[in-house]
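# Breakdown of the fold
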Amino acid sequence: MSGNDAPVAAPAAWARAPERSNMLTLRLMCWIALRCGRRVARAVLHPIALYFVLFAPAARRHSLRYLGRALGRPARWSDAYRHVHSFAATILDRVYLLRGQLDLFDLRLQGVEAIDQAMAEGHGAFLLGAHLGSFEVLRTAGCAQGRLRVAMVMYPDNARKINAALSAVAPDAKPEIIALGRMDSMLAVRDWLDGGGLAGMLGDRVLHDSDAQHGKELRVPFLGRETVFSDGPFRLAALLRRRVIFMAGLYLGGNRYEVRFEPLADFTQRCDAAERERRIREAVCGYVARLESLCREHPYNWFNFHDFWHED
């Protein structure tokens, strides 16, 4: 990691970009998913994915750049298509997961002992992931087993259309969300954790200086080129003195998902300011290393279609 923190940026391009979603198309897809079944709905994903590859040039460009780094070779249009199709497949599966139809999926879990340890302590924990695979498969699996209470700590407006369409098809299964960017956000997170809940966050996007996490932007090597990550999630965990567990709900194709948990950082013990900063930096590096490893292992799972390395 570079010793210099990157300057705080204006609102990131991904946060300012409008959703490339059409409400009518989303509602039609939800209707097909429920009336015609998953097999028919998945067939409809092919022309949708092809449309976005052909008519979303900026997203295609960023996808190809990322895939070239993750695959270790020049990415082809077929790779971009597979990338978009994987993303569309996880969005479709949210319809069934929100409705509790876990029988449709082959779901495997790894590292659940990390969750069990955190729950046994009774103080909750942070789950830190990325725009990698499906968070919904994690949340739904935990709720179905009656073991986990998971709230997503996020900016809810960025995917408003998708969330509205999914809420319409499963109004009784609305995910628990703690909204960032509000005066009481941190208190809400603390209360949720004190109640034994898990707070899920995604750490692969940088926002701006009004971010409620109050994080610093740090430059870290990622897939062969230095770029910016925020230490905000770790700073929040350090402030509230909680454990941080890395999580990923990997989409393996077809109906197969694999949920992984791995201990990432432990901020439960008191320490001085210098030691806290060292631990936060070390945790950011550990997070980025795990994300990079999974991007190489499952390259079509990281759903970043923005200028992540600021190449434009």
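Atom-level detail of predicted coordinates should not be read off regions where pLDDT is low. Predicted confidence across the chain gives a mean pLDDT of 84, with 81% of residues reaching 70 or more. Overall, residues 208-213 carries pLDDT values under 50, and its contacts beyond four positions in sequence, including any with other chains, amount to 14 contacts.

A word on the environment of R278. By the secondary structure assignment, R278 is in helix α11 (residues 273-297). Judged by its relative accessible area of 41%, R278 is partly exposed. Looking at R278, its side chain comes within polar contact range of the side chain of E275, at 2.8 Å.

Our focus in this paragraph is the pairing of strand β8 (residues 243-251). Across the nine residues that make up β8, a large majority, nine, are buried. Because side chains alternate across β8, one face comprises the buried residues R243, I245, M247, G249 and Y251, and the other comprises V244, F246, A248 and L250, equally buried. In the sheet, strand β2 (residues 125-129) pairs with β8 via three bridges, with the strands oriented parallel. From the neighbouring strand, L127 faces β8, where its bridge partner is I245. Relative to strand β9 (residues 256-266), β8 runs antiparallel, the two being bridged by nine bridges. Bridge pairing links A248 to R260 in β9. Connecting the antiparallel pair β8 and β9 is a turn made up of four residues, with G253 showing a positive phi of about 95°.

Following the criterion strictly, the structure yields 18 aromatic pairs and no others. A centroid spacing of 4.9 Å and a plane angle of 70° characterise the contact between Y66 and W302, whose relative ring orientation is edge-to-face. You can see Y66 sitting in helix α4 (residues 57-71) and its partner W302 sitting in the segment after α11, a full 236 residues away along the chain. Between W302 and W309 the ring centres are 6.3 Å apart and the planes differ by 80°, which places this aromatic pair in the edge-to-face class. You can call W309 buried: its relative accessible area is 5%. The rings of Y66, F222, F229, F234, F246, Y287, W302, F308 and W309 are connected pair by pair, giving a single aromatic cluster. The cationic tip of R69 hangs over the ring face of W309; the distance from NZ or CZ to the ring centre is 4.3 Å. Geometry around W192 places R149 over its ring, the cationic atom sitting 4.2 Å from the centre.

A word on the packing of helix α10 (residues 232-240) against α11. Running from N to C, α10 and α11 point in directions that differ by 135°, and their axes come no closer than 9 Å. As the angle between them shows, α10 and α11 are arranged oblique. Where α10 crosses over α11, the handedness of that crossing is right-handed. Of α11, the residues touching α10 (which contributes F234, R235 and A238) are R276, E277, I280, A283, V284 and Y287. In the contact of α10 with α11, the residues fall into six nonpolar, no polar and three charged.

The next subject is the packing of helix α3 (residues 38-55) against helix α5 (residues 77-98). It is the contact of α3 with α5, at a shortest axis distance of 8 Å, that shows an interaxial angle of 135°. By the criterion of interaxial angle, the relationship of α3 to α5 is oblique. Here α3 runs over α5; the crossing is right-handed. Residues R38, A41, R42, L45, H46, A49, L50, F52, V53 and L54 of α3 pack against W77, A80, Y81, V84, H85, A88, A89, L92, D93 and Y96 of α5. Considering only residue class, the contact of α3 with α5 consists of 15 nonpolar, two polar and three charged.

This part covers the sheet that holds strand β5 (residues 198-202). Taking strand neighbours across the sheet as the criterion, the seven strands line up as β1-β9-β8-β2-β5-β3-β4 in an open arrangement whose pairing is mixed. Strands at the two margins of the open sheet, each flanked by one partner only, are β1 (106-110) and β4 (177-179). With strand direction ignored, the average angle separating the axes of adjacent strands in the sheet is 25°. Across the face of the sheet, α10 comes into contact with β2, β5, β8 and β9 while running at roughly 170° to β2.

Right, let's talk about the pattern of salt bridges for a bit. This model, assessed by the stated rule, comprises 22 salt bridges. Where D79 meets R73, a salt bridge forms, and the shortest distance between an N and an O atom there is 2.9 Å. Using a relative accessible area of 4% as the deciding quantity, one classes D79 as buried. What you see here is one network of salt bridges that share partners, running through R61, R65, D307 and D312.

Of note, R242 is situated in the loop between α10 and β8. Judged by its relative accessible area of 7%, R242 is buried. One polar contact links R242 to D194, side chain to side chain, over a distance of 2.6 Å. Here L240 takes part through its backbone oxygen, which lies 2.9 Å from a polar atom of the side chain of R242. Non-local contacts of R242, meaning those with residues more than four positions away in its chain, are made with H123, F126, R190, L193, D194, A237, D266, F267 and T268.

Cut-offs used in this document
- Residues numbered from 1 in each chain as written.
- Predicted model: local features only at pLDDT ≥ 70, side-chain atom pairs only at ≥ 80, totals over all residues.
- Heavy atoms only, no water.
- pLDDT = per-residue confidence, 0-100.
- Contact = heavy atoms within 4.5 Å.
- Helix = DSSP H or I, 4+ residues; strand = E, 2+ residues; numbered from the N terminus.
- Buried < 20%, exposed > 50% of the residue type's maximum accessible area, 1.4 Å probe, protein only.
- Polar contact = N/O pair within 3.5 Å; in protein donor to acceptor, adjacent residues only side chain to side chain.
- Pairing = 2+ DSSP bridges.
- Phe/Tyr/Trp six-rings, centres within 6.5 Å; stacked < 30°, edge-to-face > 60°.
- Lys NZ or Arg CZ within 6 Å of the ring centre and 35° of its normal.
- Axes fitted to C-alpha atoms, helices over the stretch in contact; angles between N-to-C directions.
- Parallel < 35°, antiparallel > 145°, perpendicular 65-115°, else oblique.
- Left-handed = near helix turned anticlockwise from the far one by under 90°.
- Nonpolar A, V, L, I, M, F, W, Y, C, P; charged D, E, K, R; others polar.
- Salt bridge = Lys/Arg side-chain N within 4 Å of Asp/Glu carboxyl O.

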